[in-house]
Amino acid sequence: MNDTATYTKKGEPFERDMSYIPDRVLAGERSADPLDDTFPSGSKDSPRDVEVWQAEPGRYRLVAARACPWAHRSIIVRKLLGLEDAISWGAPGPVHDARSWTFDLDPGGKDPVLGIERLQEAYFAREAGYPRGITVPAIVEVASGKVVTNDFPQITHDLSFEWRDHQRPDAPDLWPADVREEMEAVMKRVFTEVNNGVYRCGFAGSQEAYEEAYERLFAALDWLEGWLADRRFLMGDSITEADVRLFTTLVRFDAVYHGHFKCNRNKLTEMPNLWGYARDLFQTPGFADEVDFEQIKHHYYVVHTDINPTQIVPAGPDESGWLTPHGRG
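Residues numbered from 1 in each chain as written. Predicted model: local features only at pLDDT ≥ 70, side-chain atom pairs only at ≥ 80, totals over all residues. Heavy atoms only, no water.

Q: Which residues make up the overall build of the protein, and what values go with them?
A: A tally of helices and strands in the protein yields nine helices and six strands. Taking 20 Å as the expected radius of gyration for a compact globule of 329 residues, we find that the protein reaches 19 Å, a close match to that expectation. Principal-axis analysis of the C-alpha atoms places the extent of the protein at approximately 50 × 50 × 35 Å. Expressed as a percentage of contacts within the protein between residues at least 6 apart in sequence, the contacts between residues at least 24 apart total 71%. For the protein, the exposed area adds up to about 14200 Å²; of that, 49% sits on carbon and sulfur atoms. If the 36 positive side-chain charges of the protein are averaged to one point and the 54 negative ones to another, these points end up 2 Å apart. (Helix = DSSP H or I, 4+ residues; strand = E, 2+ residues; numbered from the N terminus. Rg over C-alpha atoms; globule rule 2.2 N^0.38 Å. Contact = heavy atoms within 4.5 Å. Areas by Shrake-Rupley, 256 points an atom, 1.4 Å probe, with all protein chains shown as cover. Lys, Arg positive; Asp, Glu negative; His and termini not counted. Charge placed at Lys NZ, Arg CZ, Asp CG, Glu CD.)

Q: Outline the pattern of salt bridges, listing residues and values.
A: Throughout the structure, instances matching the rule amount to 22 salt bridges. In this structure, Asp17 engages Arg132 in a salt bridge whose closest nitrogen and oxygen atoms are separated by 2.6 Å. Of the two residues, Asp17 is situated in the segment before strand E1 (24-26) and Arg132 in the loop between helix H2 (120-126) and strand E5 (138-141); the sequence distance between them amounts to 115 residues. Given a relative accessible area of 42%, Asp17 falls into the partly exposed group. Two residues, Arg180 and Glu184, come together in a salt bridge whose shortest N-O distance is 2.8 Å. Of the two residues, Arg180 and Glu184 both sit in helix H4 (residues 180-195), four residues apart, roughly one turn of that helix. Judged on exposure class, the residue Arg180 and its partner Glu184 are both buried. Overlapping salt bridges bring together Arg66, Lys79, Asp289 and Glu290 as one network. (Salt bridge = Lys/Arg side-chain N within 4 Å of Asp/Glu carboxyl O. Buried < 20%, exposed > 50% of the residue type's maximum accessible area, 1.4 Å probe, protein only.)

Q: Residues and numbers for the packing of aromatic side chains, please.
A: This structure, assessed with the given rule, holds 29 aromatic pairs. Judged by centre distance (5.7 Å) and plane angle (85°), the rings of Phe261 and Tyr300 are edge-to-face. Taken as a pair, Phe261 in the loop between helix H7 (241-257) and helix H8 (272-282) and Tyr300 in helix H9 (residues 293-303) lie far apart in primary sequence, 39 residues in all. Taken individually, Phe261 and Tyr300 each receive the classification buried, so the pair is uniform in this respect. When the ring centre of Tyr199 is taken as origin, the NZ or CZ atom of Arg16, which lies over that ring, is 4.6 Å away. Across the ring face of Trp227, the terminal group of Arg231 is positioned such that the distance to the ring centre comes to 3.9 Å. (Phe/Tyr/Trp six-rings, centres within 6.5 Å; stacked < 30°, edge-to-face > 60°. Lys NZ or Arg CZ within 6 Å of the ring centre and 35° of its normal.)

Q: Lay out unusual backbone geometry with the relevant residues and their values.
A: Here the bond from Val136 into Pro137 is cis, since omega is 5°, no more than 30 degrees from zero. Secondary-structure assignment places Pro137 in the loop between H2 and E5. Following Gly316, the chain continues to Pro317 via a peptide bond in cis, the omega torsion being 0°. Examined against the element boundaries, Pro317 turns out to sit in the segment after H9. Positive phi, close to 65°, is recorded for Lys262, a residue that is not glycine. Tracing the backbone shows Lys262 in the loop between H7 and H8.

Q: Which residues make up the packing of H4 against H7, and what are the values?
A: At a minimum axis separation of 9 Å, H4 and H7 run at an interaxial angle of 10°. Taken together, the axis directions place H4 and H7 in an arrangement best described as roughly parallel. Within the contact between the two elements, H4 uses Met183, Met187, Val190, Val194 and Asn195 and H7 uses Glu241, Ala242, Arg245, Leu246 and Thr249. Among the residues forming the contact of H4 with H7, the class breakdown is six nonpolar, two polar and two charged. (Axes fitted to C-alpha atoms, helices over the stretch in contact; angles between N-to-C directions. Parallel < 35°, antiparallel > 145°, perpendicular 65-115°, else oblique. Nonpolar A, V, L, I, M, F, W, Y, C, P; charged D, E, K, R; others polar.)

Structure, rendered in structure tokens:
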């Protein structure tokens with residue numbers, strides 16, 4: 001079996017498959033978010049007629065790799081909200097093959113709670129021969145060993161709204177109602193043009209697709225540079241979900257996307273507002289403690305063999321700049 005994954009299609013632009021397992025883990029029969037129907041948060045058309053699982057402490061395990069930006073969101077949100085005792089966390093290693101993420105960081109190469117070597121096993125417990133990508137983050141029911149959902153934007157939304165009874169008393173409101181409409185618009189642009197934009201550059205299958213993706217990405221980064229000129233965070237003076245979603249791309253930008261994905265008009269460190277903003281978040285409890293630059297670099301440079309066939313992992317860049325004063329508050 002050839003377990004080597006490929007990420008580019010010659011002559012074609014990159015398109016992300018956004019079909020995920022849409023089940024919800026809710027506090028009740030319906031979402032606790034009063035704006036849930038107005039602003040659906042799931043990945044693919046946000047279906048509402050899905051299986052509902054009850055939010056119960058100890059019932060679920062969040063499987064999320066620090067290396068993956070989509071999973072990294074859920075790790076940070078879980079930490080910011082103080083949900084460590086309510087939802088356990090399983091951490092796959094940074095390198096995977098075409099079949100699955102693996103638990104090679106754990107003793108014996110097995111997740112100590114789920115007892116599995118590959119996350120694929122939890123997907124197959126849910127659906128034999130599960131035909132789509134074995135992605136992180138994934139919420140797994142511990143007792144059955146089944147994946148409940150891997151709908152990454154829905155997962156972080158529901159950690160905020162459905163687990164409030166189990167959050168720490170001073171947990172931040174990551175979805176403030178008074179800026180919700182604007183925040184949704186900002187998050188949509190950040191996702192399409194920045195979070196996914198770097199991948200459109202890196203996985204482009206033609207020069208034309210790459211150049212179009214490159215222009216779109218830097219147009220969005222220039223917009224964000226201006227947006228952050230007169231506000232500390234994306235929605236004002238407080239950290240929101242929008243900031244978490246942007247951070248996981250920014251923290252990877254100079255280490256990975258600038259070179260590996262050819263997003264090289266300039267570095268993050270050369271955009272004063274974005275660089276100060278990113279350091280501000282990095283130096284906030286809950287962010288830096290969940291960043292592992294070595295895992296991040298190993299994931300991209302080792303896994304994407306069609307882009308980096310030598311699998312050589314760069315030694316830089318210097319990480320010390322992340323701890324320099326940011327001057328933003």
